[in-house]
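This is what each chain is made of:
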Amino acid sequence: QKGILTRILFSSVSIGELWGGKFLGRLVMCIIQAFILVIAGKLFFHLNLGNNILSLLNVAVFSITIASLSIFIGSLLNKEDLIVGVSILLANTFAALGWCWWPIEVVPQTFRSLGIISPAYWAMDSFHKIIFFNGGFGDITLNLTVLLGFSLVFTLLSVRFFRIKD
């Protein structure tokens, strides 16, 4: 709205550097939010993350996925209120399909199968394996790979649609 991106482009910043800056900002925001939630969970609810290193790796990879998704949404849409609305709708849909709201065991098989389109499904499945089944890195490799695949797709799409208003 203020034309900041257009003014930045008159400097020596390339489109790639601008995209990278946006990505880094969103990634840091995701990681800070996750850190706050983990600390609050440990303090108030005695959260058990199982293997803390694997859980933190899972959080980091999921954060990369969400950061790239957010840039894709921002690249595709150009009105702030529309971006916010679509983001909220996607977040709630992905959370519901990814069994963030209820255990996967109570969901009908159709919705379990639909869950694989949600990055939250793969992150929650990793947490499930780590926390409840004491899973190791080999147990969550597929999950992390799928999340990085989502990240790659969202990144490629965001690069394709990343435009600066004339």
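Above this text is the structure in question.
About the thresholds
Residues numbered from 1 in each chain as written. Predicted model: local features only at pLDDT ≥ 70, side-chain atom pairs only at ≥ 80, totals over all residues. Heavy atoms only, no water. Axes fitted to C-alpha atoms, helices over the stretch in contact; angles between N-to-C directions. Helix = DSSP H or I, 4+ residues; strand = E, 2+ residues; numbered from the N terminus. Parallel < 35°, antiparallel > 145°, perpendicular 65-115°, else oblique. Left-handed = near helix turned anticlockwise from the far one by under 90°. Phe/Tyr/Trp six-rings, centres within 6.5 Å; stacked < 30°, edge-to-face > 60°. Lys NZ or Arg CZ within 6 Å of the ring centre and 35° of its normal. Core = buried A, V, L, I, M, F, W, Y, C linked by side-chain atoms within 4.5 Å. Buried < 20%, exposed > 50% of the residue type's maximum accessible area, 1.4 Å probe, protein only. Contact = heavy atoms within 4.5 Å. Polar contact = N/O pair within 3.5 Å; in protein donor to acceptor, adjacent residues only side chain to side chain. Disulfide = S-S within 2.5 Å. Expected span 1.5 Å × (residues − 1). Patch = residues over 30% accessible without salt bridge, like charges linked within 9 Å, V, L, I, M, F, W, Y side chains within 5 Å. Areas by Shrake-Rupley, 256 points an atom, 1.4 Å probe, with all protein chains shown as cover. Salt bridge = Lys/Arg side-chain N within 4 Å of Asp/Glu carboxyl O.

Student: I tried to follow the packing of helix H3 (residues 52-76) against helix H7 (residues 137-161) on my own but got confused; where do I start?
Tutor: To describe two helices that pack against each other, one gives the angle between their axes and the distance between the axes. Between H3 and H7, whose axes approach to 8 Å, the crossing angle comes to 20 degrees. By the criterion of interaxial angle, the relationship of H3 to H7 is roughly parallel. At the point where H3 passes H7, the crossing takes the left-handed sense.

Student: Hey, could you run me through the packing of aromatic side chains in this one?
Tutor: Aromatic ring pairs are described here by two measures, namely the spacing of the ring centres and the angle between the planes. Applying the stated criterion across every chain, the model contains 7 aromatic pairs. Here Tyr121 and Trp122 contribute two aromatic rings whose centre-to-centre distance is 5.2 Å and whose plane-to-plane angle is 85 degrees, an arrangement assigned as edge-to-face. For the cation-ring pair, Arg160 lies above Phe161, with the distance from its terminal atom to the ring centre recorded as 5.0 Å.

Student: What is the right way to look at the nonpolar core in this model?
Tutor: Nonpolar side chains tend to gather and get buried jointly when the protein is soluble and globular. Counting 18 residues, the largest nonpolar core has Leu69, Trp122, Ile140, Leu147 and Phe154 as the members making the most contacts within it. Among residues more than four places away in sequence, those in contact with Phe154 are Thr65, Ser68, Leu69, Phe72 and Pro119. Within the second largest apolar cluster, 7 residues are counted, among which are Trp19, Phe23, Ile71 and Phe162.

Student: I tried to follow the side chain of Ser55 on my own but got confused; where do I start?
Tutor: Relative to the elements of secondary structure, Ser55 occurs in helix H3. Engagement of the side chain of Ser55 in a polar contact is seen with the backbone oxygen of Leu49, the distance being 2.6 Å. When sequence neighbours within four positions are dropped, the list of residues in contact with Ser55 reads Leu49, Phe127 and Ile130.

Student: I keep staring at the state of the cysteines and nothing clicks. Help me out?
Tutor: By definition, a disulfide links the sulfur atoms of two cysteines through a covalent bond. Overall, the coordinates contain 0 disulfides when judged by the stated rule. Cys30 carries a free sulfur, and the closest cysteine sulfur to it, the one in Cys100, is 14 Å from it.

Student: How should helix H2 (residues 15-45) be read in this particular structure?
Tutor: Helical periodicity: at 3.6 residues per turn, an α-helix aligns residues three or four positions apart in one direction. Spanning 31 residues, H2 covers 44 Å between terminal C-alpha atoms, matching the ideal 45 Å at 1.5 Å per step. Within the sequence span of H2, burial applies to Leu18, Trp19, Phe23, Leu27, Cys30, Ala34, Val38 and Gly41. One or two steps after H2, the chain reaches His46, where phi turns positive at roughly 55 degrees.

Student: Teacher, can you tell me more about the environment of Ile83 here?
Tutor: Position of Ile83 among the secondary structure elements: in helix H4 (residues 80-97). With relative accessibility at 23%, the residue Ile83 sits in the partly exposed group. Separated by 61 residues in sequence, Ile83 and Leu144 have C-alpha atoms that sit 27 Å apart. Not counting residues within four places of it along the chain, the set of residues in contact with Ile83 comprises Ile73, Gly74 and Leu77.

Student: Before we go on, may I ask you to explain helix H6 (residues 119-133) in this structure?
Tutor: With 15 residues, H6 should cover 21 Å at 1.5 Å per step; its first-to-last C-alpha distance of 21 Å lies within 8% of that length. Of the surrounding secondary structure, the elements contacted by the buried residues of H6 are H3, H4, helix H5 (109-114) and H7. Taking the backbone nitrogen of Ala120 as reference, a side-chain oxygen 3.2 Å away marks Ser118 as the first, capping residue of H6. Phi turns positive one or two residues past the end of H6, at Asn134, with a value near 50 degrees.

Student: Would you explain a nonpolar patch on the surface in this entry?
Tutor: On the surface, a nonpolar cluster with roughly 1000 Å² of combined accessible area is contributed by Leu24, Val28, Ile32, Phe35, Ile36, Ile39, Leu43, Phe44 and Phe45. Within the secondary structure, Ile36 sits in helix H2. Look at Ile36 and you get exposed, because its relative accessible area is 52%.

Student: I tried to follow unusual backbone geometry on my own but got confused; where do I start?
Tutor: Unlike most non-glycine residues, His46 shows phi in positive territory, near 55 degrees. Relative to the helices and strands, His46 resides in the loop between H2 and H3. Phi is positive for Asn134, which is not a glycine, with a value near 50 degrees. Classification of Asn134 as exposed rests on a relative accessible area of 65%.

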